[in-house]
Amino acid sequence: MKLTEILSALPTPCYVIEECSLVDNLETLWEVEQKTGCHVLLAQKAFSNYKTYPLISEYISGTTASGLFEAKLAHEEMPGAMNHVFSPAYKDDEIDELLTICDHIVFNSFSQWKHFREKALRYPDVSFGLRINPEYSEIETDIYNPCFENSRLGITLSAFEKNEKELEGISGLHFHTMCEQGADTLERTLAVVEEKFGKYLYNMKWINFGGGHHITKPDYDVEKLVTLINRIKGKYDLEVYIEPGEAVAIDAGYLVCTVLDITKNGMDIAIVDTSAACHMPDVLEMPYRPFIIGSGNGGEKPYTYRLGGPTCLAGDVIGDYSFDKPLSVGDRLIFTDMAMYTTVKNNTFNGMPLPSIYILHRDESVELVRKFGYEDFKSRL
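Since the structure is predicted, the reported quantities are computational estimates derived from the model, not experimental observations.

Let's shift gears to the packing of helix α5 (residues 92-101) against helix α6 (residues 110-120). Put simply, α5 and α6 touch, their axes get as near as 11 Å, and they point 45 degrees apart. Put simply, α5 runs oblique to α6. Two packed elements cross with a definite hand, and for α5 against α6 that hand is right-handed. Together, D92, I95, D96 and L99 of α5 and H115, F116, K119 and A120 of α6 make up the contact between the two elements. Here the contact of α5 with α6 is composed, by residue class, of 4 nonpolar, 1 polar and 3 charged.

Given below as structure tokens:
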């Protein structure tokens, strides 16, 4: 059965996680682990669909969390795997639980480390690190750039040098400066990290390269990544961690929607039952234009439509798309690459129903993981 036929038969709107593509990504990440001995961690901020965690744990070492709830999710749904956490600041009533469920905790400042150090050092099985800010990044969009001017993320070299006597109990350094970038960017970034913080690495047990590595994109230079990891491991005698999110789930899911109405205001407009603002917010935040199977850019094919969501937000526009045939009410449209930064970021603005979540298994069977209704909207308020 064709993929489009399978997806078009589902109630909409819905997300569909494709197991085959997920495995393809995981096999590449497994290969990196095997060639380097590094530990690849799923960044749950990009993809937290825990129904797939047993599968993911067959290939990579564990997860990383951005706070208590993600850490708890990993502890419950991927037991026995590595469970790392980083937050710009921890609350006093969170740290006790994190110390019992995480094996690595990264602090964003020396002040946070000093605040929690006495308690932290009572847990000898937990490793503690600091996030550094090398003040170097090639990200052009500030909202995604951890190193833009006056960033709150990470410790700069000047701040590090002023507090280097406070390193007792710190076993590793963490940096995260990339977003959807390749091994060449990592190579240039590592050169800056070594120049500024290399002298401290000799006294550490591990380093974390953070996320933003597009390892599973077809044009990514995996062998260069392997070389870089092995060089750092050998030079400083360190364990290396790397925590991709997108690389785990890229191109591994779909968002299926239905055309509700066709109108015209200077151009043809199609209203669909999915919302950029609610169901794929990165379309507006990044911004970017997601691909629809069988579509072209505006004007590329004979029939062009501006696709918009059903909310009252005037800017709830997904983009301009063209098709070989005119769209009709009831037609199904399938957006690709919708596994990451969708289910973890969606919302119920305007009372929009959350899309159901399905898994398309390798045997082409489809499993309904979760269906949402009115109570899911009401319970959040």
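On to the sheet that holds strand β5 (residues 104-107), then. Taken in spatial order, the 8 strands of this closed barrel run β2-β3-β4-β5-β6-β7-β8-β9, and their pairing is parallel. Ignoring strand direction, the axes of neighbouring strands in this sheet form an average angle of 25 degrees. Sheet topology note: the strand β7 (residues 170-174)/strand β8 (residues 206-208) ladder contains 3 bridges and is parallel. Pairing of G172 across the sheet is with W206, part of β8. Of the strands in this sheet, β4 (82-86), β5 and β6 (127-131) touch α5, which is tilted by about 140 degrees from β5.

The subject of this paragraph is the state of the cysteines. This model, assessed by the stated rule, comprises 0 disulfides. Here C20 is not disulfide-linked; the sulfur of C14 is the nearest cysteine sulfur, at 17 Å. Lacking any disulfide linkage, C179 is separated from the closest cysteine sulfur, that of C147, by 12 Å. A relative accessible area of 22% means that C179 is categorised as partly exposed.

Along the chain, S356 turns up in strand β16 (residues 356-360). The exposure class of S356 is buried, given its relative accessible area of 11%.

Moving on: the packing of helix α2 (residues 19-36) against helix α9 (residues 222-236). At a minimum axis distance of 9 Å, the contact between α2 and α9 shows a crossing angle of 35 degrees. Crossing hand, α2 versus α9: right-handed. Facing T28, E31, V32, K35 and T36 of α2, the residues of α9 in contact are V222, E223, L225, V226, I229, N230 and K233. For the contact of α2 with α9, the per-class residue count stands at 5 nonpolar, 3 polar and 4 charged.

Definitions and limits used
- Residues numbered from 1 in each chain as written.
- Predicted model: local features only at pLDDT ≥ 70, side-chain atom pairs only at ≥ 80, totals over all residues.
- Heavy atoms only, no water.
- Axes fitted to C-alpha atoms, helices over the stretch in contact; angles between N-to-C directions.
- Helix = DSSP H or I, 4+ residues; strand = E, 2+ residues; numbered from the N terminus.
- Parallel < 35°, antiparallel > 145°, perpendicular 65-115°, else oblique.
- Left-handed = near helix turned anticlockwise from the far one by under 90°.
- Contact = heavy atoms within 4.5 Å.
- Nonpolar A, V, L, I, M, F, W, Y, C, P; charged D, E, K, R; others polar.
- Pairing = 2+ DSSP bridges.
- Disulfide = S-S within 2.5 Å.
- Buried < 20%, exposed > 50% of the residue type's maximum accessible area, 1.4 Å probe, protein only.

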